[in-house]
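As a plain string of letters, each chain reads:
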Amino acid sequence: MLKTIDGHSSVRALKRYLERNGRAAATLCLNLGDEREWAADMDATRRAHGHDRKRGGRGRTRFYEHFVVSPNPKDEAALDKDRAMGLAARWAREMFPDHEIAVVLHDDAARAGYHAHVVVNCTNLATGLKLQMGDKDQRRQANRLQRISEELGFSALPDLPARRADRDARTSAERGMASRGEASWKEDIRRAVTAAGAVSEDFASLERALGSAGYSMRLTRRGITYFHPDGEHKATDESLGRAFSPSGIEALAPDARWEDFPSEVEGKGALSHFSADDLARCLRTIRREGIGSLRGFDALKESVEGRLAAARAEMREVAARLASGGPEELQVDLLGREEALVSELDEQTARLSNLSFSRHVAATVLREAEEARSAALGDTGREGFHGVGSRARASNGEREGRTERNCSEGERESAR
């Protein structure tokens, strides 16, 4: 069996777990120096390549991959330390030849056999790029382990089948239309996005390219929603296929920078003491989080605070269960959950801080813009950004009062 666990924090905590109480029967390091410092070396490599920086938006930053290679305990080969290590090491070398790898062997006394923990750092030493893995990669890795197992005299499992979503995201109705030479509205969107993505360099240019063909799109916390020109149909990236998700679109334009959203507050710098970077950060938050007003900030902050409280409570529970010991397999699961919770806490804490900062910027910019308009026209401003929020206007009585104070009768008519 091959178990895959994403690592979202320093490797040092995992190293302590793998070596705790002398449980490591053997350790093999590949593309690393001193095997006693392999965790520190991995952390240093990631920092040097900028691969340990927390990212915004959906998902968590992957620092490393943690695999558990478990031979069949009924196999005679599983009782041989060298053969068990040989199986895990050969698979790791073949799958990740240019990555830093630590293979730590555990003697599973409860099941009478060895299993190996394979820790793969996310930085590719040859290219300097970061490791990216999807479902297809994990299926290929699992299937390859079975073939190597057969060659080395271990039991093997049948290959994992390809998932339907990997083969084709099209429904049976769509496939039926295609067989008749017809194209569905979803297929229209797929073709338009493929064509636009191939000539786009960033989010803004992709929107423009789609807009020129009558299509539009909206980036949400769950992915991308595409809109057909007929005004009646829309589709999420999940329903269209992985190729139309944010990561799939990036594959069409590898140099795309999706964080560079078009600035709705451009030109407001003259009204505010905030820098252009502060204004851009605020706008990115508004677009990424789908915030439509200042009240939207407050509601989202309340939601994030709730998630933080729940994660902290679960972290305490997991820590208590880890301290109480238990079967090896349960400990591995708990460790993986603990790593995920650490990352969740870091991510939500950073998100809450960013929301607080962005709300302050948005409120200040909008207030200053409203004061400038009020001084010139005697009119109130808007609560949200153009294209994102809705206009919030004062009552007729308030507007009339301000107009009387600031404008003549003729100017008041113009202001209205």
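The structure contained in this document is the topic of the report that follows.

Cut-offs applied
Counting restarts for each chain: residues are numbered from 1 in the order of the written sequence. Per-residue local features of the predicted model are confined to residues with pLDDT of at least 70, and side-chain atom pairs are confined, for both listing and counting, to 80 or more; whole-chain, interface and lining totals are unaffected and use all residues. Hydrogens and water are ignored here; the side-chain numbers use all heavy atoms of the structure. Runs of H or I in DSSP of at least four residues are treated as helices and runs of E of at least two as strands, each being numbered from the N terminus. Each residue is placed in one exposure class: buried if its accessible area under a 1.4 Å probe, protein chains only, is under 20% of its type's maximum, exposed if it is over 50%, and partly exposed if it falls in between. Note on contacts: a residue pair is in contact if any heavy atoms of the two residues lie within 4.5 Å. The Shrake-Rupley method, run with a 1.4 Å probe sphere, supplies the accessible areas, and residue values consider only the shown protein chains as cover. By this definition, two strands are paired if DSSP reports at least two bridges between them. Lines fitted to the C-alpha atoms define the axes, with helices restricted to the stretch that makes contact. Angles between their N-to-C directions range from 0 to 180 degrees. When the centres of two rings from Phe, Tyr and Trp lie within 6.5 Å, Trp using its six-membered ring, the rings pair. Their planes under 30 degrees apart give stacked, over 60 give edge-to-face, and anything left gives tilted. Two N or O atoms form a polar contact when they lie within 3.5 Å of each other; inside protein one atom must be a possible hydrogen donor and the other a possible acceptor, and for residues adjacent in sequence the pair counts only when both atoms belong to side chains. Note on definitions: salt bridges are taken to be side-chain nitrogens of Lys or Arg within 4 Å of carboxyl oxygens of Asp or Glu. Note that the term roughly parallel is reserved for angles under 35 degrees, roughly antiparallel for angles over 145, roughly perpendicular for angles of 65 to 115, and oblique for everything else. In a left-handed crossing the near helix is turned counterclockwise from the far helix by less than a right angle, and in a right-handed crossing that turn is clockwise. Within this scheme, the nonpolar core is defined by two criteria: the residues are buried Ala, Val, Leu, Ile, Met, Phe, Trp, Tyr or Cys, and they are joined through side-chain atoms within 4.5 Å.

### A short note on the overall build of the protein chain
Thinking step 1. When its secondary structure is counted, the protein chain shows 15 helices and eight strands.
Thinking step 2. Looking at the protein chain as a whole, 43% of its 416 residues qualify as buried.
Thinking step 3. Of the contacts formed within the protein chain by residues at least 6 apart in sequence, a portion of 65% connects residues at least 24 apart.
Thinking step 4. Of the roughly 21,700 Å² of accessible surface on the protein chain, a fraction of 49% belongs to carbon and sulfur atoms.

### Quick look at the sheet that holds strand β1 (residues 2-7)
Thinking step 1. The strand order β1-β3-β5-β4-β2 describes an open sheet built from five strands, whose pairing is antiparallel. What marks the edges here is a single partner per strand, and that holds for β1 and β2 (24-30). Strand-to-strand twist of the sheet, defined as the mean angle between neighbouring strand axes without regard to direction, takes the value 15 degrees.
Thinking step 2. Lying over the sheet, helix α2 (residues 38-49) contacts β2, β4 (99-108) and β5 (113-124), oriented at roughly 25 degrees with respect to β5.
Thinking step 3. On top of the sheet, helix α3 (residues 81-95) reaches β1, β2, β3 (64-69), β4 and β5; it is set at about 30 degrees to β2, its chief contact.

### Quick look at the packing of aromatic side chains
Any two aromatic rings considered together are summarised by their centre-to-centre distance and by the angle between their planes.
Thinking step 1. For the structure shown, the criterion picks out three aromatic pairs.
Thinking step 2. Arranged with centres 5.1 Å apart and planes meeting at 75 degrees, the rings of F67 and W91 form a pair that is edge-to-face. Of the two residues, F67 sits in strand β3 while W91 sits in helix α3, which places them 24 residues apart along the sequence. W91 matches F67 in its accessibility class, with the two residues each being buried.

### Points about the environment of S10
Thinking step 1. Mapped onto the elements, S10 comes out in the loop between β1 and α1 (11-19).
Thinking step 2. When the C-alpha positions of S10 and E339 are compared, they lie 9.2 Å apart, and in sequence the two are 329 residues distant.
Thinking step 3. When neighbours within four sequence positions are excluded, S10 is seen to be in contact with D43, R46, F63 and Y64.
Thinking step 4. A polar contact of 3.1 Å, which involves the side chain of S10, links it to the backbone nitrogen of R12.

### What to know about the pattern of salt bridges
Thinking step 1. Per the counting criterion, the structure on display carries 14 salt bridges.
Thinking step 2. Residues R36 and D34 are paired through a salt bridge, measuring 3.0 Å at the closest nitrogen-oxygen approach.
Thinking step 3. Judged by its relative accessible area of 62%, R36 is exposed.
Thinking step 4. The class for D34 is partly exposed, based on a relative accessible area of 34%.
Thinking step 5. Among the ionic pairs, R140 bridges to D137, the shortest N-O distance being 3.6 Å. Here the residue R140 and the residue D137 both occupy positions in helix α4 (residues 135-151), the gap between them amounting to three residues, near one helical turn.
Thinking step 6. With relative accessibility at 24%, the residue D137 sits in the partly exposed group.

### Comments concerning the packing of α3 against α4
Thinking step 1. At a minimum axis separation of 10 Å, α3 and α4 run at an interaxial angle of 135 degrees. Between α3 and α4, the angle falls in the class oblique. Note that α3 runs across α4; the crossing there is right-handed. Residue-level inspection shows L87, R90, W91, E94 and M95 of α3 in contact with α4, the latter providing R140, Q141, R144, L145, I148, S149 and E151.

### Remarks on the nonpolar core
Thinking step 1. With 27 residues, the main nonpolar core has F67, V69, W91, F96, I101 and V118 as its most contacted residues.
Thinking step 2. When neighbours within four sequence positions are excluded, I101 is seen to be in contact with L28, C29, L30, L32, M42, A92, F96, V118, V119 and V120.
Thinking step 3. L300, M315, L355 and A363 belong to the second largest nonpolar core, which has 22 residues in total.

### A few points about unusual backbone geometry
Thinking step 1. If you check the backbone angles, N21 has positive phi at about 55 degrees while not being a glycine.
Thinking step 2. Structurally, the position occupied by N21 is in the loop between α1 and β2.
Thinking step 3. Residue N31 is not a glycine yet carries a positive backbone phi of 60 degrees.
Thinking step 4. Mapped onto the secondary structure, N31 falls in the loop between β2 and α2.

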